[in-house]
Amino acid sequence: PDSDAAPHASSPSAKALPALQAALSLLAQSASEQDLPTGALYMVATPIGNRADFSVRALWVLAMADAIACEDTRHTRQLLQACGLDRSVPMLAVHQHNEAEAAAGVVERLQRGERVAYASDAGTPAVSDPGARLAAAVAAAGLRVVPLPGASSVTTVLSAAGVAATQAHKGQKGASAASSFVFEGFLPSKPGERRDAVARLAQQAHTVVLLEAPHRIAALADELATL
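The rules behind these values
Residues numbered from 1 in each chain as written. Predicted model: local features only at pLDDT ≥ 70, side-chain atom pairs only at ≥ 80, totals over all residues. Heavy atoms only, no water. Helix = DSSP H or I, 4+ residues; strand = E, 2+ residues; numbered from the N terminus. Buried < 20%, exposed > 50% of the residue type's maximum accessible area, 1.4 Å probe, protein only. Contact = heavy atoms within 4.5 Å. Areas by Shrake-Rupley, 256 points an atom, 1.4 Å probe, with all protein chains shown as cover. Axes fitted to C-alpha atoms, helices over the stretch in contact; angles between N-to-C directions. Parallel < 35°, antiparallel > 145°, perpendicular 65-115°, else oblique. Left-handed = near helix turned anticlockwise from the far one by under 90°. Nonpolar A, V, L, I, M, F, W, Y, C, P; charged D, E, K, R; others polar. Core = buried A, V, L, I, M, F, W, Y, C linked by side-chain atoms within 4.5 Å. Expected span 1.5 Å × (residues − 1). Arc of directions from axis to C-beta.

Student: Quick rundown of the overall build of the protein chain? Include the residues and the values.
Tutor: Scanning the protein chain for helices and strands turns up 10 helices and 7 strands. Within the protein chain, the fraction of its 227 residues that count as buried is 34%. Sequence-distant contacts in the protein chain: of pairs separated by 6 or more residues, those separated by 24 or more amount to 70%. On the protein chain, roughly 13200 Å² of surface is accessible, and the fraction owed to carbon and sulfur atoms is 56%.

Below you can see the structure in the form of structure tokens.
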């Protein structure tokens, strides 16, 4: 979890702080030496609830961008301020309700040679978040889309799920069988459609990753119990 409290002088975190600051300084220097092409859209992954998960490269791109497109301008501005980046560049709202129209404005900026960074509210853009239409529109215009690796709820949950061991226990052979998965995102909200989706998942040979809102976790668990 995030914490604004300073570590006690004798705590392990306080002892590690100088080494961490030195490491961040070196990483910042490395990021500053990297080429950031103009006229390019940068897809920036943002933290999933813990801003310490921001990558140094992502922060560097956000610090250098001529404009920042984002799912929610207020959320992104607060996130940047919390990280010490109080930018005065244009903040462009690009979300699921205006993505196609707003993409045209981003393309115009790129054609003028600007660097535009896009960030969804949490995690990697275009993974059950806006960003896919924007990236497609930029590519269709013959312009460059640069992805930055970063926080992803999908790969985060897989890293702790023990999927390979579970599938090996079931008798599947080969690394590809043990590591393959299907990302379904959110199941339909209507009960009948959700039941049909769960029945379809029962026939799925691969590990399935779902997303769900916190207040519906219990109901989802009851529905998945049939599997």
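After presenting the structure, the write-up continues.
Student: Run through the packing of helix H4 (residues 99-111) against helix H5 (residues 132-140), naming residues and quoting values.
Tutor: The interhelical angle for the contact between H4 and H5, taken along N-to-C directions, is 40°, at an axis separation of 9 Å. By the angle between their axes, H4 is oblique relative to H5. The element H4 and its partner H5 pack so that their crossing is right-handed. For the pair formed by H4 and H5, the contact residues are Glu99, Ala103, Val106, Val107 and Leu110 on the first element and Ala132, Arg133, Leu134, Ala137 and Val138 on the second. Residues of the contact of H4 with H5, tallied by class, amount to 8 nonpolar, no polar and 2 charged.

Student: Please set out the nonpolar core residue by residue, giving values where relevant.
Tutor: In globular proteins that are soluble, nonpolar side chains generally tend to be buried together. By size, the foremost hydrophobic cluster in this structure holds 19 residues, and its most contacted members are Tyr42, Val44, Val61, Leu62, Ile68 and Leu148. Only strand E1 (40-44), helix H2 (56-64), strand E2 (67-70) and helix H3 (73-82) provide two or more residues apiece to this core. If we skip the residues at most four places from it in the chain, Val44 touches Phe54, Ala58, Val61, Leu62, Ala117, Tyr118, Ala119, Ser120, Gly123, Pro125 and Leu148. Core analysis: the next-biggest nonpolar cluster, separate from the first, contains 17 residues, Ala67, Val94, Ala103 and Val116 among them.

Student: An account of H4 is needed here, citing residue identities and associated values.
Tutor: Between the first and last C-alpha of H4 there are 18 Å, a value that for 13 residues agrees with the 18 Å anticipated at 1.5 Å per step. Burial in H4 covers these residues: Glu99, Ala102, Ala103, Val106, Val107, Arg109 and Leu110. Burial along H4 is one-sided: seen end-on, the buried residues are contained in an arc of 160°. Exposed residues pointing more than 90 degrees away from the buried face of H4 are listed as Glu101 and Gln111. Summarising the contacts, the buried residues of H4 are in contact with E1, E2, strand E3 (91-93), strand E4 (116-119) and H5. Among the residues trailing H4, Gly113 stands out with phi positive, at a value near 95°.

Student: Please provide a residue-by-residue account of the side chain of Ser152, values included.
Tutor: Relative to the helices and strands, Ser152 is located in the loop between strand E5 (144-147) and helix H6 (153-161). Under the relative-accessibility criterion, Ser152 is labelled buried at 15%.

Shape is all these values report; function is a separate question.
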